[in-house]
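Architecture and fold: a report
Each chain, written out:
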Amino acid sequence: MNLRTVFKHLTANIQAGNASILKGPPGFGKTDLMGKVAQWMVQQNPGKRVGMSCFFMATQSPIGFTGLPWKGTREWEGKQWTVTDPAIPQWFMCTDLNTGEVRPGSLFDIVLLIIEEWGQGGPETKRAGAEVLRAGGTPPFYLPPGSPRIALTNVDARDGVTKEFDFIIGRRGEFEITGDVDVWIEDFADKPYNWQGKVWNVMPVTKAWAKQHPEILFESKPDKQGPWCNPRTLTAADRYIQVITDASGGVTPVNDSGFVETVAGHLGMAATMSLVGHLQFQLELPHYEDVVADPMGTPVPGKADLQMLMAYELAGRCKVGDLAAVIQYMTKPKTSTSAAMPKDMSVTFISSLLRKDYKSIINEPAMQAWISKNGALVSIIASLSQ
């Protein structure tokens, strides 16, 4: 299932009280999906104290689940007894999704428990964590009833995945993650995202390349270990390209061997050569400023791949004040000196633009005029407000 389909069925499995494990290749967005699940949790529990616990199985030991043993005492029938009184384990310390405060899981109304890299846990650690995954706790620490338990894992021994036990398989539902370029663009790449304290946007040229080459975006690992392309590595390369382009006076240094080698260090050389070739297409596009100044006189590219790139470029750069001119360019008819944008490219432009900044754009007169002329697409436009 792609991530959007998984979200639908995963949330239903959560409401059924079942534990879940998401399995798939690295870099396909399993962790990012957990952010969407956390938002859903807050929306589903208004006025409640909603917490989240997220930890890495690969760094845990059995004691990480049960808590470090300490000496304690209890009194029964007037006599003091020595007992084991474990310290609070890491997984039981949860972050309030509304305030950011960290406190024990029992002090929340509901908690989202995420176990990252479940497959990389050692056998004894998996045994210790089995009941936490199934039921949300192990004596004496339990999350509030109804708390979701989700494990994430890769599927390959080269990722350090260890043997799974049948008794654990029977304690959770399983979701297999597959790649979908449209879901990646619509649910992630078309929207701003935070990384290392900065807000980023995936470049239009990167989205256009991915749209044309989904087989590269979700390619298999190379037989010989080394970098390869997946949504995570492509997004990392995209950030690097943005920075080096700014440092090069706004021109991407596609002919610099160091640039090519750096991108290849993220994507592998085959994917890099394909992407670099696409980056060179930007030189053939009309300038955004020309489109705004003279939408009817600025030519539309004749090649389909350039039309797609142009649609994403305009959506990425379009400002509210320029909207009327850009829509006029995207919808103008064919002339003797210029091609016309196909209808699907106009839809690509509008949908990408609205995903980027729905609130600022949707009520603009030019946008409302476009919607009125495209009544059949109203339901699609409405879905973009989410």
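Read on for a plain summary of the structure. (Residues numbered from 1 in each chain as written. Predicted model: local features only at pLDDT ≥ 70, side-chain atom pairs only at ≥ 80, totals over all residues. Heavy atoms only, no water.)

With that out of the way, let us pick up the overall build of the protein chain. The number of helices and strands found in the protein chain is 17 helices and 13 strands. The principal-axis extent of the C-alpha atoms belonging to the protein chain is close to 100 × 50 × 35 Å. With 386 residues in all, the protein chain has 47% of them scored as buried. Considering only residue pairs separated by 6 or more positions, the protein chain has 70% of its internal contacts joining residues 24 or more positions apart. For the protein chain, the exposed surface amounts to about 19,000 Å²; the carbon and sulfur share of it is 54%. Charged side chains of the protein chain number 37 positive and 39 negative; the gap between the two group centres comes to 5 Å. (Helix = DSSP H or I, 4+ residues; strand = E, 2+ residues; numbered from the N terminus. Buried < 20%, exposed > 50% of the residue type's maximum accessible area, 1.4 Å probe, protein only. Contact = heavy atoms within 4.5 Å. Areas by Shrake-Rupley, 256 points an atom, 1.4 Å probe, with all protein chains shown as cover. Lys, Arg positive; Asp, Glu negative; His and termini not counted. Charge placed at Lys NZ, Arg CZ, Asp CG, Glu CD.)

Across all of its chains, the model carries 0 disulfides by this definition. Cys54 takes part in no disulfide bond, and the closest cysteine sulfur, belonging to Cys94, lies 11 Å away. (Disulfide = S-S within 2.5 Å.)

What follows covers helix 4 (residues 123-135). Spanning 13 residues, helix 4 covers 19 Å between terminal C-alpha atoms, matching the ideal 18 Å at 1.5 Å per step. Considering bend angle alone, the principal kink of helix 4 is centred on Gly129 and spans about 40°. After helix 4 finishes, the residue Gly136 shows a positive phi value of roughly 85°. (Expected span 1.5 Å × (residues − 1). Bend = angle between axes of the 7 residues up to and from the residue.)

Attention now moves to the packing of aromatic side chains. Scanning the model with the defined rule gives 9 aromatic pairs in all. Aromatic side chains Phe55 and Phe65 sit 5.6 Å apart centroid to centroid with 75° between the ring planes, which places their arrangement in the edge-to-face category. Taken as a pair, Phe55 in strand 2 (residues 50-56) and Phe65 in helix 3 (residues 62-66) lie far apart in primary sequence, 10 residues in all. Classification of Phe55 as buried rests on a relative accessible area of 2%. Accessibility expressed as a relative area gives 0% for Phe65, which makes it buried. Where Phe92 meets Phe141, the ring centres are 5.3 Å apart and the plane angle is 50°; that geometry is what we call tilted. In this pair, Phe92 is assigned in the loop between strand 4 (79-84) and strand 5 (93-96) and Phe141 in strand 9 (residues 141-142), connecting sequence segments 49 residues apart. No difference in accessibility class separates Phe92 from Phe141, as the two residues are buried. Taken together, the ring pairs in this structure connect Trp91, Phe92 and Phe141 into an aromatic cluster. When the ring centre of Trp81 is taken as origin, the NZ or CZ atom of Lys79, which lies over that ring, is 4.7 Å away. (Phe/Tyr/Trp six-rings, centres within 6.5 Å; stacked < 30°, edge-to-face > 60°. Lys NZ or Arg CZ within 6 Å of the ring centre and 35° of its normal.)

Now for the packing of helix 6 (residues 181-189) against helix 7 (residues 204-212). It is the contact of helix 6 with helix 7, at a shortest axis distance of 9 Å, that shows an interaxial angle of 160°. By the angle between their axes, helix 6 is roughly antiparallel relative to helix 7. For helix 6 against helix 7, the interelement crossing comes out left-handed. From helix 6, Val181, Asp182, Trp184, Ile185 and Ala189 reach across to helix 7, where they touch Lys207, Ala210 and Lys211. (Axes fitted to C-alpha atoms, helices over the stretch in contact; angles between N-to-C directions. Parallel < 35°, antiparallel > 145°, perpendicular 65-115°, else oblique. Left-handed = near helix turned anticlockwise from the far one by under 90°.)

Another point: the nonpolar core. With 81 residues, the main nonpolar core has Leu22, Phe349 and Met367 as its most contacted residues. Looking at which element gives the most residues to this core, the answer is helix 13 (residues 304-317), with 8 residues. Ignoring sequence-local partners within four residues, the contact set of Phe349 consists of Ala311, Leu314, Ala315, Val326, Ile327 and Met330. The next biggest cluster of nonpolar side chains, apart from the first, holds 22 residues, and it includes Phe55, Phe92, Val132 and Phe141. (Core = buried A, V, L, I, M, F, W, Y, C linked by side-chain atoms within 4.5 Å.)

Here we take up the pattern of salt bridges. Applying the stated criterion to the full structure yields 19 salt bridges. Arg4 is paired through a salt bridge with Glu186; the nearest N and O atoms lie 2.9 Å apart. Placement of Arg4 in helix 1 (residues 3-15) and of Glu186 in helix 6 is noted, with a sequence separation of 182 residues between them. Here Arg4 falls in the partly exposed class, since its relative accessible area comes to 35%. Members of the salt-bridge network, linked through shared partners, are Arg4, Glu186, Asp187, Asp190, Lys207 and Arg355. (Salt bridge = Lys/Arg side-chain N within 4 Å of Asp/Glu carboxyl O.)

A word on the side chain of Ser147. In this structure, Ser147 sits in the loop between strand 9 and strand 10 (149-153). A distance of 2.7 Å separates a polar atom in the side chain of Ser147 from the backbone oxygen of Pro144. The contact partners of Ser147, leaving out residues within four places of it in the chain, are Ile110 and Val111. (Polar contact = N/O pair within 3.5 Å; in protein donor to acceptor, adjacent residues only side chain to side chain.)

Moving on: the sheet that holds strand 11 (residues 173-176). What holds strands together in a sheet is hydrogen bonding between their backbones, with the strands either parallel or antiparallel. If you trace the 7 strands from one edge of the open sheet to the other, you get 6-5-2-7-10-1-11, paired in mixed fashion. Two strands in the sheet have a free side with no partner beyond their single neighbour: strand 6 (102-104) and strand 11. Averaged over all pairs of adjacent strands, the angle between their axes in this sheet comes to 30°, without regard to strand direction. As judged from the 3 bridges shared by strand 7 (residues 110-116) and strand 10, these two strands associate in the parallel manner. Within strand 10, the position partnered with Ile115 by the bridge is Ala151. Helix 1 contacts strand 1 (20-23), strand 10 and strand 11 of the sheet and is inclined by roughly 170° relative to strand 11. Contacting strand 1, strand 7 and strand 10, helix 4 crosses the sheet at an angle of about 125° to strand 10. (Pairing = 2+ DSSP bridges.)

Checked against the element boundaries, Phe7 lands in helix 1. Considering only alpha carbons, one finds Phe7 and Ile169, 162 residues apart in sequence, at a separation of 20 Å. Sequence-distant contacts of Phe7, that is, excluding residues within four places in its chain, are made with Leu33, Lys36, Val37 and Trp40.

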